[in-house]
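# Observations on the three-dimensional arrangement
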There are 2 protein chains.
Amino acid sequence: MTGPDAVFPRADALAKAVGAERYSADVTPPGCLWAGVRRAGVAHALITGLDVAAARATPGVVAVLTRRDVPGTNRQGIVHKDQPVLCGERVRHRGDPVALVLAESREALALALSRIDAAFSPLPGVFEPAAALDRDAPYVHPEHPDGNLLAYGLVEKGDAPTALADCAVTVSGEYHTPMQDHVFLELPNGTARLTPAGVLDMVVSTQAPFRDRFEIAHALGLNPWTIRVRAPYLGGGFGGKDGATVQCLLALAALNAGGRWVKMVWDREETFLAGYKRHAAVMRVTLGADADGTLRALTGSLLFDAGPYAHLSGEIMALALEHAGGPYRIPHTRLEGSCAYTNNPVGGAFRGFGVLQSSFAIERLMDALATRLGRDPAGLRLQNALGRGEPNAIGVTPEPGAGAAECLTAVLAHPAWTERAAWKRQAPPFTRRGVGVTCMQNAMGYGRGLPDAAAAKLELTKQGTFRIYNSVPDMGQGNASAFVTMAAQALHQSPEAFALIQPDTRHCLPAGSSSASRTTFTFGNALLGACRAMEAKLRARAALALLCDDPARLILSPGLVTDPATGAAVPLARLGALLPRDDRLCVDQFVMAVVENPPDTGRQFKLGFPHRFYSHGACLCAVEVDELTGRVRLGRCVVSVACGRVLSLEGVTQQVQGAAAQGIGLALFEDPALENGCMGAGDLSRYLIPTALDLPDIDCLIVADDEPTGPLGLRGMGEVGIHGPGPAIAQALFDAAGLHVTRLPVTPEDLLSALGGPE
Amino acid sequence: MTGPDAVFPRADALAKAVGAERYSADVTPPGCLWAGVRRAGVAHALITGLDVAAARATPGVVAVLTRRDVPGTNRQGIVHKDQPVLCGERVRHRGDPVALVLAESREALALALSRIDAAFSPLPGVFEPAAALDRDAPYVHPEHPDGNLLAYGLVEKGDAPTALADCAVTVSGEYHTPMQDHVFLELPNGTARLTPAGVLDMVVSTQAPFRDRFEIAHALGLNPWTIRVRAPYLGGGFGGKDGATVQCLLALAALNAGGRWVKMVWDREETFLAGYKRHAAVMRVTLGADADGTLRALTGSLLFDAGPYAHLSGEIMALALEHAGGPYRIPHTRLEGSCAYTNNPVGGAFRGFGVLQSSFAIERLMDALATRLGRDPAGLRLQNALGRGEPNAIGVTPEPGAGAAECLTAVLAHPAWTERAAWKRQAPPFTRRGVGVTCMQNAMGYGRGLPDAAAAKLELTKQGTFRIYNSVPDMGQGNASAFVTMAAQALHQSPEAFALIQPDTRHCLPAGSSSASRTTFTFGNALLGACRAMEAKLRARAALALLCDDPARLILSPGLVTDPATGAAVPLARLGALLPRDDRLCVDQFVMAVVENPPDTGRQFKLGFPHRFYSHGACLCAVEVDELTGRVRLGRCVVSVACGRVLSLEGVTQQVQGAAAQGIGLALFEDPALENGCMGAGDLSRYLIPTALDLPDIDCLIVADDEPTGPLGLRGMGEVGIHGPGPAIAQALFDAAGLHVTRLPVTPEDLLSALGGPE
């Protein structure tokens with residue numbers, strides 16, 4: 001195998017660059033119907049009336065459906081199914097849907113939706129997770145046995161309270177991270193129809209086409225095997241398309257469309273209103289150390305705002321607890337976590353999946369400890385960085401690999417660090433400069449408790465080329481292209497010899513969701529297994545054609561199998577033409593290894609705890625604060641990453657830069673302005689994300705690493721890069737302006753206040 | 001894995017016992033046409049006229065075809081394509097076909113065939129292979145560059161002429177083995193039609209359905225991929241259905257049948273006339289030894305009667321040369337072999353494939369040497385038996401395994417040997433008794449030079465049972481049933497869970513021919529590979545259903561996959577229902593290992609020389625000679641066999657007994673009475689094979705053995721048992737009556753002559 005490709009032959013680049021790639025949103029069958037929903041617009045209420053007569057009478061309207069038209073359980077949700085497809089009695093957040101309209105045109109659809117007369121009897125809402133857990137808080141799900149406590153977990157190692165009492169120094173803090181919207185370019189959308197054969201045929205922008213079948217089947221009382229889901233390339237997902245968005249509503253529409261195609265697209269405002277969000281979190285934590293800075297104990301509690309429905313809140317909180325100690329050596333820990341139901345938007349999966357929240361807390365504590373001890377924050381981190389073979393904060397010893405110390409050391413050697421003093425001195429008038437560095441880590445895969453599995457299918461075509469049946473959607477992260485690169489290397493073929501079939505439950509084999517930094521690792525390993533089978537098959541079949549009785553000596557090269565003993569060769573095109581289809585297929589499966597002897601702690605987490613594989617990184621942010629406006633400009637961002645072997649330097653760099661940009665957005669730009677369950681910033685004129693002009697150059701440093709069980713040595717790394725900017729910017733702002741950041745995003749107002757600016 | 005099954009659950013037993021099994025001969029589509037050919041009836045002639053007008057005018061006749069109607073090369077043959085489908089200018093043996101008739105009924109067919117008026121100008125024939133090699137002999141193929149010498153080979157090790165000159169004792173002999181007919185129960189037959197889609201769909205009693213497509217395509221100028229060949233269970237084959245019998249003629253008929261089904265069945269007399277035969281051979285050999293009996297050198301020449309067409313004559317001669325030294329330690333050898341074209345019936349593959357001929361010669365020489373030295377023939381063999389790791393007579397060191405000494409020792413412990421003196425003393429009046437023992441060996445597989453490969457396909461059905469796509473025809477030897485046993489053991493399922501799909505080029509994958517003792521080894525290994533893939537698949541898929549993240553701990557049991565950690569189980573029926581078809585298939589391939597560093601000798605043999613794997617055996621025959629009639633009765637036959645691990649004791653015993661019976665037939669019964677190319681015994685009233693009443697009890701002794709590379713430890717053994725009876729009976733007849741047998745079959749006249757009986 002080779003090292004990183006200098007030129008990354010990204011398989012999807014050209015089609016995307018010229019606009020030829022067809023996303024789900026680009027599928028609009030001629031004559032299709034349009035579907036949309038009327039949403040509650042109130043955060044918590046009983047539905048007292050729903051008059052759809054005027055909507056039904058609107059010209060061009062084909063059907064108006066309500067709760068009574070939902071044939072199945074009317075319940076969706078990845079693990080806990082508590083979210084209705086259409087609400088019938090009660091709405092629990094402003095985005096809850098109460099009626100579904102099918103119309104001949106988007107105009108008729110909009111008109112009909114506006115004519116639905118829904119009457120609500122408001123209920124007291126609960127909008128703060130801490131308040132939600134009060135005994136007398138209004139209940140979001142009155143039937144839920146634990147009131148508004150959706151999930152609780154405790155992980156413990158050693159005796160943290162006692163150890164903390166013995167510490168020479170302790171620091172405490174309460175840290176807040178905000179709700180965040182994914183702001184994917186391609187809005188939630190899909191197209192569906194019921195075929196004459198009774199198949200519900202769907203094209204959806206989804207991260208989990210195979211699971212979608214079961215979601216839809218459960219919600220609507222269908223046979224999952226009669227549902228076909230296709231998932232073209234996504235225009236972004238970031239977790240926000242892991243779990244049903246349009247799926248069940250669209251399926252319900254298709255069941256009522258008389259066999260016609262139906263299309264549903266949420267607009268941007270609807271997506272802000274109804275889409276999943278990163279959980280806002282509050283973390284109260286205390287870290288204790290010896291006088292020399294050696295960490296001794298960590299205690300704390302994490303509280304997540306789940307919104308009204310479970311989605312993956314419990315699992316996200318578990319991952320937050322697993323990462324709450326950071327990549328540091330802490331002998332005693334006691335961490336508890338809670339998820340509270342509220343009437344805010346629905347919390348769900350988002351790149352970083354709980355890790356972002358608890359990383360911010362531990363990294364801020366490390367800075368506070370460094371300040372208290374008069375230490376350099378980087379040196380304190382290096383002193384305590386977890387070494388290979390050492391158990392982490394929850395008592396698990398992850399697989400060895402390059403860790404936080406290597407990653408931090410790489411960043412500290414960068415001129416942005418070594419020459420920071422000069423850079424700070426050169427600050428223009430009325431600006432202050434500061435630099436911060438932090439560590440990052442992110443587990444890979446689903447974790448223990450459910451199989452992190454993938455099945456890959458590879459076909460030799462009749463023409464002697466190959467088809468990869470990709471089963472995990474590519475939402476832009478480039479995994480599909482990585483599969484081509486892997487297969488091309490494994491089979492010694494040029495990448496052009498491979499066609500990629502994008503996920504389609506009819507033709508591809510199940511491989512789980514596109515999430516959890518798992519796609520290249522899990523499906524990649526399955527694909528390489530299929531490639532090995534294919535190579536053995538090609539040798540064996542070519543041996544027959546070449547009258548060679550030692551297939552092992554045959555050599556695969558682009559388009560050919562050659563016998564070096566005779567110089568004779570057989571083109572793959574000839575093999576492809578000769579073999580029957582069943583013999584041109586290779587299938588292999590892979591299941592990611594899990595922690596074999598987990599500690600007793602965290603046993604209450606059935607799914608997704610703990611993890612065996614981690615990727616690491618470090619992040620430097622150099623900030624420049626405008627003393628007059630409080631505006632923060634990033635002068636430089638440097639990210640190092642240790643993620644096994646790098647198959648494509650460009651691919652890794654793109655992921656690192658994208659993740660860092662999203663982390664920067666959360667740290668400095670994205671303020672949902674949530675109030676009483678309503679996002680004050682519910683459109684892109686108010687919810688600001690960084691543009692290219694707002695971002696600095698982001699340097700990506702690769703730390704030498706190798707994952708023996710990974711495909712071509714890699715580990716997943718789509719998420720790890722998002723965790724650095726928040727704490728690194730916070731540390732840099734302290735360096736620049738003495739600001740003690742405990743809450744993200746940091747606003748110009750916060751800075752002006754800290755600087756004692758114009759009041 | 002378990003040892004030999006006490007009860008052999010032969011998958012095909014019940015259907016065959018009750019007559020429900022459908023052989024190719026049982027396929028007679030309603031309204032099908034009947035095809036047959038007019039054969040030359042002269043051994044060597046030019047065709048001077050062929051009047052088919054009367055035949056065409058016969059009521060019920062659909063077509064009469066001649067050479068001019070053959071669209072392709074008109075040439076068939078497994079390696080050398082020198083045999084016409086229909087002869088146009090010349091006939092080279094009495095069975096050569098000159099015209100093909102299609103008729104509505106068998107009666108019309110017979111009448112039309114009788115009305116074909118063929119005129120021949122006789123050519124001088126050549127009927128003795130030695131005479132055929134004379135410079136002035138008539139040529140069978142005038143265009144053949146080497147005259148009537150079809151193939152020549154020389155294998156040499158050390159310096160045999162010099163070593164022979166130094167020997168204390170030498171013995172020489174000229175040994176003859178006869179032509180032999182396979183006398184399979186099911187005659188050559190098949191059914192074919194050209195479908196509207198242009199597919200030539202055939203059901204044929206064949207040992208090589210996958211190769212047949214290429215034979216037909218080459219001969220008739222067709223695309224092989226448009227030919228589908230199905231091979232139901234055969235009612236016997238023994239090599240006689242390896243190579244085209246009806247195939248090309250039947251395909252030609254189907255091309256001219258207007259899309260109707262056509263059936264062709266050769267009758268018994270036609271099969272004697274036109275079918276392939278075991279090559280008659282003459283072997284002049286000399287064996288030298290030290291005074292203590294240690295073998296020193298072997299020289300000799302073998303001459304095979306190929307008949308008029310090549311078939312596999314060269315390859316058969318090569319195998320004869322490879323086995324000419326027997327399983328004995330002989331430091332110096334020089335052996336040459338020739339195949340001569342003659343106008344006798346066509347020589348071809350037959351169980352034992354050349355080995356039978358040269359085994360008779362070497363075993364007879366061993367007896368002659370024992371006589372000369374005054375030694376016990378068994379003791380002399382034990383003294384010289386090849387040990388593990390020792391090179392054989394052509395300088396190849398075969399894979400280790402139980403050998404001739406172990407097999408012979410097993411037979412010598414049998415009461416038929418230990419109590420032979422008493423048994424002989426108890427001979428009734430006017431009878432003499434004698435006992436003989438010999439060794440046997442037979443290589444397995446195609447040997448070096450062409451891949452001995454198989455691809456196996458295994459399917460989990462939607463119902464949770466399995467389908468084995470068997471690719472190697474079962475001609476009665478039981479390989480198909482063995483595959484069920486193997487798969488059932490490998491997957492921990494009951495044999496009833498497996499359905500066997502018999503060879504069908506449309507649905508099964510290529511796996512070579514049913515021949516060369518290779519089927520259970522080669523396809524069995526491929527099948528076990530597919531089973532391993534299936535087991536991994538079942539574990540991986542069940543793990544998903546059971547939410548188990550450690551597939552390795554799951555347990556397969558009949559119909560279930562169980563998680564011992566939780567007790568939860570998922571039925572295979574559920575997995576079958578869930579998985580798409582492409583994921584219910586497992587395919588694996590296997591290529592038999594070959595000799596990696598063959599000696600320089602025998603390089604002229606491109607295909608099938610030398611071999612790496614051998615099975616061994618020993619054979620005891622106890623004979624009783626009637627002094628008054630010369631009739632020989634076998635009192636006892638004991639056969640030991642070392643063939644790796646025994647999967648089914650009953651299966652191995654059946655093969656040993658069947659092979660021994662066929663060897664006994666050749667030794668004592670089957671006299672073709674060949675004269676001027678005409679079989680005097682051309683029907684079953686004159687060509688006698690032993691019936692059950694003619695055969696003794698045949699005891700089968702298993703010698704403990706294990707083949708590490710074999711499926712479940714086995715090696716193929718369908719042929720080895722045929723080699724013993726000839727030389728063992730010869731030795732026994734010397735023991736009983738002092739007869740020096742040099743020529744098989746031994747007739748009552750030979751014995752009466754030796755006994756000095758009534759003249």
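Residues numbered from 1 in each chain as written. Chains lettered and ligands numbered in written order. Predicted model: local features only at pLDDT ≥ 70, side-chain atom pairs only at ≥ 80, totals over all residues. Heavy atoms only, no water.

- Labelled according to an unreviewed UniProt entry, chain A appears under the name Molybdopterin-dependent oxidoreductase, originating from Solidesulfovibrio aerotolerans.

### A few points about the overall build of chain A
- Counting its regular elements, chain A contains 21 helices and 30 strands.
- Computed over its C-alpha atoms, the radius of gyration of chain A comes to 27 Å, within 12% of the 27 Å expected for a compact globule of 759 residues.
- Oriented by its inertia axes, the alpha-carbon framework of chain A measures out at about 80 × 75 × 55 Å.
- When each of the 759 residues of chain A is scored for burial, the buried share is 62%.
- A fraction of 80% describes how many contacts in chain A between residues 6 or more apart in sequence connect residues 24 or more apart.
- For chain A, the computed accessible surface area is about 25900 Å², with 54% contributed by carbon and sulfur atoms. (Helix = DSSP H or I, 4+ residues; strand = E, 2+ residues; numbered from the N terminus. Rg over C-alpha atoms; globule rule 2.2 N^0.38 Å. Buried < 20%, exposed > 50% of the residue type's maximum accessible area, 1.4 Å probe, protein only. Contact = heavy atoms within 4.5 Å. Areas by Shrake-Rupley, 256 points an atom, 1.4 Å probe, with all protein chains shown as cover.)

### Details of the packing of helix 19 (residues 649–669) of chain A against helix 20 (residues 725–737) of chain A
Residues and elements named next belong to chain A.
- Here helix 19 crosses helix 20 at 55 degrees, and the two axes come no closer than 8 Å. With respect to their mutual orientation, helix 19 and helix 20 come out oblique. Two packed elements cross with a definite hand, and for helix 19 against helix 20 that hand is right-handed. Between helix 19 and helix 20, the contacting residues are Ala660, Gly663, Ile664, Ala667 and Leu668 on the first element and Pro725, Gly726 and Ile729 on the second. (Axes fitted to C-alpha atoms, helices over the stretch in contact; angles between N-to-C directions. Parallel < 35°, antiparallel > 145°, perpendicular 65-115°, else oblique. Left-handed = near helix turned anticlockwise from the far one by under 90°.)

### A closer look at the pairing of strand 2 (residues 45–51) of chain A
Residues and elements named next belong to chain A.
- Across 2 bridges, strand 2 lies against strand 6 (residues 90–91) in antiparallel orientation. Residue pairing across strands places Ala45 opposite Val91, the latter belonging to strand 6.
- Where strand 2 and strand 8 (residues 117–122) come together, 6 bridges link them in antiparallel fashion. Residue Gly49 lies in a different strand from strand 8, and its bridge partner there is Ala119. (Pairing = 2+ DSSP bridges.)

### Comments concerning the domain arrangement of chain A
All names here are of chain A.
- Segmentation of chain A into domains returns domain 1 (24–123 + 188–265), domain 2 (281–447 + 599–755) and domain 3 (453–591).
- The distance between the C-alpha centroids of domain 1 and domain 3 comes to 38 Å.
- Counting residues at the interface gives 22 residues for domain 1, matched by 20 residues for domain 3.
- Counting each side, the surface lost to burial between domain 1 and domain 3 is near 1500 Å², with a carbon and sulfur contribution of 57%.
- By the criterion of area lost to domain 3, the three top residues of domain 1 are Phe210, Arg228 and Tyr233, representing 45% of everything that side buries. (Domains from an automatic or database assignment. Buried area = accessible area lost by both parts, 1.4 Å probe.)

### Quick notes on the sheet that holds strand 23 (residues 560–562) of chain A
Residues and elements named next belong to chain A.
- The sheet built from 3 strands is open, its strands ordered 22-23-24 with antiparallel pairing. With partners counted over all chains shown, the strands left at the sheet margins are strand 22 (555–557) and strand 24 (569–571), one partner each. Here the average twist between neighbouring strands, direction ignored, is 20 degrees.
- Sheet topology note: the strand 22/strand 23 ladder contains 3 bridges and is antiparallel. Bridging across to strand 23, Leu556 finds its partner in Val561.
- Most of the contacts of helix 16 (residues 519–545) go to strand 22, to which it runs at about 110 degrees, and overall it touches strand 22, strand 23 and strand 24.

### Section: the packing of aromatic side chains
- For the structure on display, the rule yields 16 aromatic pairs over all chains.
- Measuring from centroid to centroid gives 5.7 Å for Phe214(A) and Trp225(A), while their planes differ by 90 degrees, and the two rings are edge-to-face. Remark: Trp225(A) occurs in the loop between helix 6 (209–220) and strand 13 (227–230) and Phe214(A) occurs in helix 6; sequence separation between them is 11 residues.
- Taking the centre distance of 5.1 Å and the plane angle of 20 degrees together, the rings of Phe466(B) and Phe498(B) count as stacked. Linking Phe466(B) in strand 20 (residues 466–469) with Phe498(B) in strand 21 (residues 498–501), this pair joins segments that are 32 residues apart in sequence. (Phe/Tyr/Trp six-rings, centres within 6.5 Å; stacked < 30°, edge-to-face > 60°.)

### Description of the pattern of salt bridges
- This structure, assessed with the given rule, holds 78 salt bridges over all chains.
- In this structure, Lys457(A) engages Asp582(B) in a salt bridge whose closest nitrogen and oxygen atoms are separated by 2.4 Å. Pair noted here: Lys457(A) is in strand 19 (residues 453–460) and Asp582(B) is in helix 18 (residues 581–584), and the two residues belong to different chains. Like Asp582(B), Lys457(A) is buried.
- A salt bridge links Glu406(B) to Arg388(B), with the shortest nitrogen-to-oxygen separation between them at 3.0 Å. Note that Glu406(B) is positioned in helix 12 (residues 404–412) and Arg388(B) in the loop between helix 11 (377–384) and helix 12, a separation of 18 residues in sequence. (Salt bridge = Lys/Arg side-chain N within 4 Å of Asp/Glu carboxyl O.)

### Considering the relation of the copies chain B and chain A
- Here chain B sits on chain A after a turn of 179 degrees about the axis and a move of 0.0 Å along it, with an RMSD of 0.1 Å. Interpreted geometrically, this transformation is the action of a two-fold axis.
- In this assembly, 97% of the residues forming the interface of chain B have copies in chain A that are likewise at the interface, indicating an isologous arrangement. (Least-squares fit on C-alpha atoms with pLDDT ≥ 70 in both.)

### Quick notes on helix 9 (residues 313–323) of chain A
All names here are of chain A.
- For helix 9, a buried count of 11 out of 11 residues is recorded, marking the element as mostly surrounded by other parts of the structure.
- Within helix 9, the full set of buried residues consists of Ser313, Gly314, Glu315, Ile316, Met317, Ala318, Leu319, Ala320, Leu321, Glu322 and His323.
- On its buried face, helix 9 sits against strand 9 (149–157), strand 16 (295–307), strand 17 (332–341), helix 10 (355–373), strand 18 (431–443) and strand 26 (614–626).

### Considerations on the interface of chain B and chain A
- Across the contact, 33 residues belong to chain B and 32 residues belong to chain A.
- Linking chain B with chain A are 4 salt bridges, by the criterion used here.
- Note that Arg581(B) and Asp582(A) form a salt bridge whose closest N and O atoms lie 3.0 Å from each other.
- Where chain B packs against chain A, one counts 8 residue pairs in polar contact (both at pLDDT 80 or more).
- Every element with two or more residues in the side of chain B that touches chain A is listed here: strand 19 (453–460), helix 16 (519–545), helix 17 (572–578), helix 18 and strand 25 (585–591) of chain B. (Polar contact = N/O pair within 3.5 Å; in protein donor to acceptor, adjacent residues only side chain to side chain.)

### Points about the environment of Ala219(A)
All names here are of chain A.
- With respect to the element layout, Ala219 can be found in helix 6.
- Note on Ala219: relative accessible area 0%, which makes it buried.
- As a C-alpha pair, Ala219 and Asp735 span 516 residues in sequence and 53 Å in three-dimensional space.

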